[in-house]
Amino acid sequence: MDQWASVDPIDRNRFPVDPWSLRETRYDARDLGLTESLFALGNGYLGLRGNVEEGRDAYAHGTFINGFHEVWPIHHAEEAYGFAKVGQTIINAPDAKIMRLYVDDEPLLLTVADLEHYERSLSFADGVLTRELIWRTPSGKRVHLRSRRMVTFAERHLAVMDYEVTMLDAAAPVVVSCQLLNRQDGEDELHVRSAAMGAGTDPRRAAKLRGRVLQPVSKWEGDGRSVLCYRVTESRMTLAVAADHTIETTDENEVLTQIEDDLAKHVFRIRATPGVTTRITKTVSYHTSRGVPPLELVDRCRRTLDRARDTGIDEIFAQQRAWLDDFWERSDVQIGGQPALQQAVRWNLFQLIQAAARAEGSGIAAKGVTGSGYDGHYFWDTEIYVLPFLTYTSPGLARNALRFRYTMLDAARRRAVDLNQRGALYPWRTINGEEASAYYAAGTAQYHIDGDIAHALTQYIAASGDRSFLAREAIDVLVETARLWADLGFWRRTDGSTNDDHFHIHGVTGPDEYTTVVNDNLFTNVMARANLRSAVRHLRWLAANQPEAYDLALQRLNLTEDEINEFSRIAEAMHVPYDESVGIHPQDDGFLSRELWDLPNTPADKRPLLLHYHPLVIYRHQVLKQADVVLALYLQGDEFTPEEKRADFEYYDPLTTGDSTLSAVVQSIIAAEVGYADLAATYFMAAAYVDLADLHHNTDAGVHVASLGGLWSALVCGFGGLRDYLSVWSFDPRLPADWDSLRFPLTLQGNRLRVTVEPRTITFDLETGDADSVAVTVQGTEVLIRRGTPTVVPWVSGPELRGSPSIDDIEGSLREDGSVIRATVPDAPRDDTSDFFD
């Protein structure tokens, strides 16, 4: 057994290995929250948690529509100018998944049911959730039940469900109650509340909304169709949901209907006979808007359902398979000789496309549409972790996500004014474009989001060649974010200099949320530098190649040549911290002055730190929630030498808690690059199974979308060795010893390239596109890949380092001032207050 199989954290008796599906062979009510997220369906617009059809047994009922939210006033204990004023929380939309089953008037409740057989399967190839079981009722009758559920990719606003019931050995009265239910805080129609996700003290979970959220506007029922229509109380967003119902059976049956403000029922009563299968099919459409009247949304639902009826259910399922066939052809990452890991990778990529595919006009939320964690907000995660995957496999979807940021530009300009800056400052977390972070130190102070968005734009333009988007919209974002850096920072002379020779940025927070409001955060500075350079480079390209577009941009942005030249001057003078005595790049100018947090000796029950220590305690130490400098080594790797990368990684790796799921993928990429192959594998496994094995114990709130995207980068950029600095695509593979091969496609300027890494060779196939050839480099040598003939290139292994960096290697080091760096664990003081009251 190889090292990958030996550390498989999944219960394979319950979840067997299957490269193209996630299968569950035993129902277990103890981890409903987890499996509801793992078996969730979505298309980037509409998401259905993996709740059981019968609707009773649930941890958190969930139907989510991307961007559909309520707003609420943020009440600060002590107000200050510029604090975020309005919170935003995704709304749990009316639930259409419910199809309750009664046999002899006894309900099917999986928690207590006598199940002779049970299997649930989420197919990555078909995009269908299927469940099949045999239930022995309390009276001893055996019932075969098969259900399917699908959220369609081809039709953005459509979901399809069917429910088949067969009495195996006895006749019985059977009832199937199909419902549309507006759940307030996860309640059912009898106002029984599930173990829903509450906020508590964990900032990663959703806020609980108070009062009625969805105000009824209209309802109606007729000809097998039910409609509910609402307006959101404060945000004034609108929603309509409609469902069609059909029954196929030779048994005698009748249909009863009921319609109320928050509940629509189609109840099918069947006089079921043995061996006869009854199939009930439900097609559902959701439409939402920020301002369209609700009744117009009803018309849209009607058109969607009419189209589905005319198309036919079988064809809708076939269209789903065709859509996914195309997706996997341009996106699948294949690992030779690792079937369990292959399953995990495909589950991650499938969930990733479910979060992004039809998120048109909206962002990609941190939990996608699988849960309410993080309130359904969009973060910088999208640009750094998700967009590389989309850019290189589905560039049209990457463009949609970046255009969403462009539509937020005016709000970002207003936010910059709030903080006394020029240019644009994007919100750290948001749904509607306004800053929603109530904690500025670890929120608004993360100015690096501007550089992250600029990075994603730059990467997309280079990989896609989309100069039209650059000229019309992207250049505005690049310039306005560059303006922010030029205005935010300042010039400072070094001793003995007569010139302003360094540019500094103070009072910001980098990606590491355990270190806040610092001066010259390295990640922020190098990303700002790249942002400034990108703005100048693309402006110069427009001036040379599209002078009319260039002139329009100057006019539109009130931009001058002097300002462009200033961008360039600032970029080349940006201060990048470096400490000669320790031999590393400090995370910020004051980072090394703090004492080390001794993570190896921190009790396990004190993790994650953010739930057990006051932020001020954490901020006083050298300890990281997630990769910061190490992330810079990856994104801006051409700015660092191999020696610097190794020294920085060896310093920061033992200080990184991994309390954020954003960290493992980056640690894996740089560990692989500098030579820690085993450590890279360990981090990769942590990322691959972060949700499947619930390694952070919070997947019940939804999957971790950034980690899903980062896993692709760990595969392609970590083990495949891809880098894309300054529009040059280079490869320096680090194939794990136990893998037979690694195979993945890349879309480069409209041409699909398939890359196969094997132990001694890397092979390129130019499969589609207009180009006759594509140029890349392999370990520093340029390679021209021509259409029609595989190009095979030998490669040699990089450095090999054993073990992993240790905090012991850091403790005892001398700072520049000669003081010794020591490691400690903050202790809680002994409670002696009782002595004063004896």
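Notes on the structure in this doc start here. These figures come from a predicted structure and were not determined experimentally.

Here arginine 271 lies in strand 17 (residues 263-272). In sequence terms arginine 271 and isoleucine 505 are 234 residues apart; their C-alpha atoms lie 75 Å from each other. With residues up to four places along the chain from it excluded, the contact list for arginine 271 reads Ala172, Asp251 and Glu252.

Below, the discussion takes up the packing of helix 17 (residues 663-674) against helix 19 (residues 705-719). Their axes nearest at 8 Å, the elements helix 17 and helix 19 cross at an angle of 5°. With respect to helix 19, the element helix 17 is oriented roughly parallel. Between helix 17 and helix 19, the contacting residues are Val665, Ser668, Ile669 and Ala672 on the first element and Ser707, Gly710, Leu711, Ser713, Ala714, Cys717, Gly718 and Phe719 on the second. For the contact of helix 17 with helix 19, the class distribution of residues is seven nonpolar, five polar and no charged.

Across all of its chains, the model carries 25 aromatic pairs by this definition. Between the aromatic rings of phenylalanine 153 and tryptophan 323, the centroid separation amounts to 4.3 Å while the plane-to-plane angle is 10°, which identifies the pairing as stacked. Here the residue phenylalanine 153 occupies a position in the loop between strand 10 (142-151) and strand 11 (158-167), and tryptophan 323 occupies one in helix 4 (residues 313-331), the gap between them amounting to 170 residues. With relative accessibility at 0%, the residue phenylalanine 153 sits in the buried group. Cluster of aromatic residues (ring-pair linked, three or more members): Trp20, Phe153, Trp323, Phe327, Trp328, Phe389, Tyr392 and Trp712. Lying over the aromatic face of tryptophan 323, arginine 330 brings its terminal NZ or CZ to 5.8 Å of the ring centre. The aromatic ring of tryptophan 491 is capped on one face by arginine 569, whose charged end is 4.1 Å from the ring centroid.

A few words now on the pairing of strand 17. In terms of residue burial, strand 17 counts as a mostly covered element, since eight of its 10 residues are buried. Strand direction decides the pairing type here: strand 12 (residues 172-181) and strand 17, joined by 10 bridges, are antiparallel. Bridge pairing links alanine 172 to alanine 272 in strand 17. Two strands pair when backbone bridges link them, and strand 16 (residues 253-259) and strand 17 are joined in this way by seven bridges, in the antiparallel orientation. Paired with glutamate 254 across the strands is arginine 269, a residue of strand 17. In this structure, the hairpin formed by strand 16 and strand 17 is closed by a connection of three residues.

What counts, and at which threshold
- Here the residue numbering is sequential within each chain, running from 1 through the sequence in written order.
- Only residues with pLDDT of 70 or above have their local features reported here, since the model is predicted, and side-chain atom pairs are shown and tallied only from 80 upward, although totals for entire chains, interfaces and linings are computed over all residues.
- Here the side-chain values reflect all heavy atoms present in the structure, with hydrogen atoms and water set aside.
- Runs of E in the DSSP output that reach at least two residues are strands. Runs of H or I that reach at least four are helices, and both are numbered from the N terminus.
- Throughout, a residue-residue contact means that at least one pair of heavy atoms, one from each residue, lies within 4.5 Å.
- For helices, the fitted line uses only the C-alpha atoms of the stretch in contact; every axis is such a line through C-alpha atoms, and the angle between N-to-C directions lies from 0 to 180 degrees.
- Any angle between 65 and 115 degrees counts as roughly perpendicular, while under 35 counts as roughly parallel, over 145 as roughly antiparallel, and the rest as oblique.
- Each residue is assigned to one class: nonpolar for Ala, Val, Leu, Ile, Met, Phe, Trp, Tyr, Cys and Pro, charged for Asp, Glu, Lys and Arg, and polar for all the others, Gly among them.
- Two rings belonging to Phe, Tyr or Trp (six-membered ring only in the last case) form a pair when the distance between their centres is within 6.5 Å. Interplanar angles under 30 degrees mark stacking, angles over 60 mark edge-to-face geometry, and anything in between is tilted.
- Between buried and exposed lies partly exposed: a residue is buried under 20% and exposed over 50% of the maximum accessible area for its type, with that area taken using a 1.4 Å probe on protein chains only.
- Consider the ring centre and the ring normal. A charge sits over the ring if Lys NZ or Arg CZ is within 6 Å of that centre and within 35 degrees of that normal.
- Each pair of strands is called paired provided DSSP finds at least two bridges between the two strands.

This is a description of form; function is not addressed.
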